[in-house]
Amino acid sequence: MSLLVYGIVEATSGEPRGVGLDGRSLHAVAEGPLAAVVSNHLGDRVEPTPDALSAYEQTVRRLMERGAVLPARFGSVLEDASAVLELLRRRRKDLVARLQRVRGAVEIGLRASWRDGPPTPLEARSQSGTSYLRDRLELRQSARRVATELEPLGALARSSRRAIVPRPDLPVLDSYLVDSGRVSEFVALVEQLDDRLDEVELVCTGPWPPYSFADGAPV
Amino acid sequence: MSAPRTLYASTSGRTSRAEPITLVDLIDRVLSGGVVVHGHVTLAVAEIDLIDVDIALLVAATAKLAER
């Protein structure tokens, strides 16, 4: 029986409650200061159906409500408990530091979308390669101007991640790691910026577990 | 599908399409965020394996692709 990993928590969090995917009960595999929250899993794959993604997210969100958590990427299946222990041993220093940095904070997503469509529509089929690339560059430049307007948000966050033009209709897609106690202040500033910016509409989502701050570049 | 509550959706009155949390928001995080453990991960849709790699390589986030 393999194990599906939902997230990494502090060992002091105790046994997790509730269920994970397919109603399977959760349990903790602890090693030193860390514990991985897992459920038994048949096979080595997880189908990313909307229901499964939603159930996974809800499970991780419940973990966040009990304390600091580093969500695992969806579909993280390890072959057995010893593989989980090996993960916790091998990455102990990094995971402990990341847990410390996300403790007491939540992730807030911010989508900036063009109110009236992209200022430079990208229509590759009807253009030459050169004009397509020029339009693409102009779109990125417009998006960077939007990003500059959003800079005050960074001052209210512990950390942030940014994607410029992840889709033509989205000039900026940000994730912010915000102290739980500052979320209202953060949202109020988004509201102010949304009122001020004519080109884009801003929408916050969350609070999310810190998916965007659990791995990759240091928080 | 239940989703996290929306904290905020533009209240300025200029919004043409007040969009709640979408599956894309969820996918952005759940599939392309999170701790990448070392292990074997297969994501399958409709019984067709889309990705079958060591997780250390894993799925490139759409956002990251777009940054290139």
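Model, not experiment: these values are computed from the prediction.

A. Expanded view of the overall build of chain A. Counting its regular elements, chain A contains 6 helices and 10 strands. Taken along its principal axes, the extent of the C-alpha atoms in chain A is 55 × 40 × 30 Å. For chain A, with 219 residues in total, the buried portion stands at 41%.

B. A look at unusual backbone geometry. Residues and elements named next belong to chain A. Following G206, the chain continues to P207 via a peptide bond in cis, the omega torsion being 0 degrees. Inspection of the secondary structure puts P207 in strand β10 (residues 200–208). Phi is positive for D22, close to 60 degrees, though the residue is something other than glycine. Of note, D22 is situated in the loop between β1 (2–10) and β2 (26–31). Of note in the backbone geometry, V165 takes a positive phi value of approximately 45 degrees without being a glycine. On the secondary structure map, V165 appears in strand β8 (residues 159–167). Classification of V165 by C-beta neighbours within 10 Å gives buried; the count is 23.

C. Quick look at the pairing of β10 of chain A. Residue and element names in this part refer to chain A. The buried fraction of β10 is high, at 8 of 9 residues. Pairing of strand β7 (residues 105–114) with β10 involves 7 bridges; the strand directions are antiparallel. Opposite A112, over in β10, you have L202 as the bridge partner.

D. Structural view of the environment of R98 of chain A. Residues and elements named next belong to chain A. The topology assignment puts R98 in helix α3 (residues 92–102). You can call R98 buried: it has 21 C-beta atoms within 10 Å. In this structure the C-alpha to C-alpha distance between R98 and E138, which are 40 residues apart in sequence, comes to 37 Å.

E. Structural view of the confidence of the model for chain B. Residues and elements named next belong to chain B. Here chain B shows a mean pLDDT of 53. Residues at 70 or above account for 22%. When mean pLDDT is compared element by element in chain B, helix α1 (residues 23–30) scores highest at 81, while strand β3 (residues 48–54) scores lowest at 41. Per the prediction output, this complex has pTM 0.81; the corresponding ipTM is 0.78.

F. Focus on helix α2 (residues 81–90) of chain A. All names here are of chain A. Listing the buried residues of α2 in full gives A83, V84, L87 and L88. Taken down its axis, α2 places every buried residue within 140 degrees of arc, on the same side. Structural note: α2 exposes S82 and R89 on the side pointing more than 90 degrees away from its buried face. Those residues of α2 hidden inside the fold are in contact with β1, β2, β3 (34–41), β6 (77–78) and α3.

G. Structural context of the pairing of strand β9 (residues 170–179) of chain A. Residue and element names in this part refer to chain A. Counting buried positions along β9 yields 8 of 10 residues, so the element is predominantly enclosed. Bridge count between β7 and β9: 8 bridges; the pairing is antiparallel. Looking across to β9, one finds that I108 is bridged to Y176. By the bridge criterion, 7 bridges tie β8 to β9 in an arrangement that is antiparallel. Paired with S159 across the bridge in β9 is L177. In sequence, β8 turns back onto β9 through a hairpin of 2 residues.

H. Summary view of the environment of S159 of chain A. Residues and elements named next belong to chain A. Following the sequence through the fold, S159 ends up in strand β8. For S159, a count of 19 C-beta atoms within 10 Å translates into the label partly exposed. The spacing of S159 and V102 is 57 residues in sequence and 9.6 Å in space, taken between C-alpha atoms.

I. Quick look at helix α6 (residues 183–196) of chain A. Residues and elements named next belong to chain A. Over its 14 residues, α6 runs 20 Å from end to end, which matches the ideal 20 Å to within 8%, given 1.5 Å per residue. All of the buried residues along α6 are V183, F186, V190 and D194. Taken end-on, α6 shows its buried residues confined to a sector of 80 degrees, consistent with a single buried face. Within α6, the exposed residues directed more than 90 degrees away from the buried face are S184, E185, A188, Q192 and R196.

Definitions and cut-offs
- Residues numbered from 1 in each chain as written.
- Chains lettered and ligands numbered in written order.
- Predicted model: local features only at pLDDT ≥ 70, side-chain atom pairs only at ≥ 80, totals over all residues.
- Helix = DSSP H or I, 4+ residues; strand = E, 2+ residues; numbered from the N terminus.
- Buried ≥ 20, exposed ≤ 12 C-beta atoms within 10 Å, placed from the backbone.
- Pairing = 2+ DSSP bridges.
- pLDDT = per-residue confidence, 0-100.
- Arc of directions from axis to C-beta.
- Contact = placed C-beta atoms within 7 Å.
- Expected span 1.5 Å × (residues − 1).

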